[in-house]
Amino acid sequence: MTNYLIVVCGRCGGYLLAKDGQRTRTCPYCGAKVITAKTRRVAVVNDAEAASRLLRRYKAKERTKQDTLDFEEIFKKGHKSDA
Ligand SMILES: [Zn+2]
């Protein structure tokens, strides 16, 4: 069974989907190389569909800024723009 991880890009704070066992992912937002073992995991699920649903939910949350407390540091460190 494959686990899917939802991880947070250390550079821009964007949410990424990675398969368990996948060591690196390139952030689709800022192009940073994300090492899945070392970055922050927000969720682990064993179903691809549930994973993409969760990812959408996290992204929506981020947009409404209701859950940004944990990410403020990340944003301060490396968030460049919303474009
Ligand atoms: Zn990024």
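Our structure is the block above this text.
Here's what I pulled together on the structure shown here.

Rules behind the numbers
Residues numbered from 1 in each chain as written. Predicted model: local features only at pLDDT ≥ 70, side-chain atom pairs only at ≥ 80, totals over all residues. Helix = DSSP H or I, 4+ residues; strand = E, 2+ residues; numbered from the N terminus. Contact = placed C-beta atoms within 7 Å. Buried ≥ 20, exposed ≤ 12 C-beta atoms within 10 Å, placed from the backbone. Core = buried A, V, L, I, M, F, W, Y, C linked by C-beta atoms within 7 Å.

Further remarks concern the overall build of the chain. In terms of regular secondary structure, the chain is built from 2 helices and 5 strands. When the helices and strands of the chain are read in sequence order from the N terminus, they spell out β-β-β-β-β-α-α. Summarising the internal contacts of the chain: among those between residues at least 6 apart in sequence, 46% fall at separations of at least 24.

Along the chain, Lys59 falls in helix 1 (residues 48-64). A tally of 11 C-beta atoms within 10 Å means that Lys59 is categorised as exposed. Between the C-alpha atoms of Lys59 and Gly14, which are 45 residues apart in sequence, the distance is 7.9 Å.

Turning our attention to the nonpolar core. Across soluble globular proteins, you tend to see nonpolar side chains buried next to one another. Core analysis: the biggest nonpolar cluster contains 12 residues, these being Tyr4, Leu5, Ile6, Val7, Val8, Cys9, Cys12, Tyr15, Ala18, Cys27, Val34 and Ala51. Going through the elements one at a time, strand 1 (4-8) and strand 2 (15-19) are the ones with two or more residues in this core. In terms of residues, this core owes the most to one element, strand 1, which gives 5 residues.

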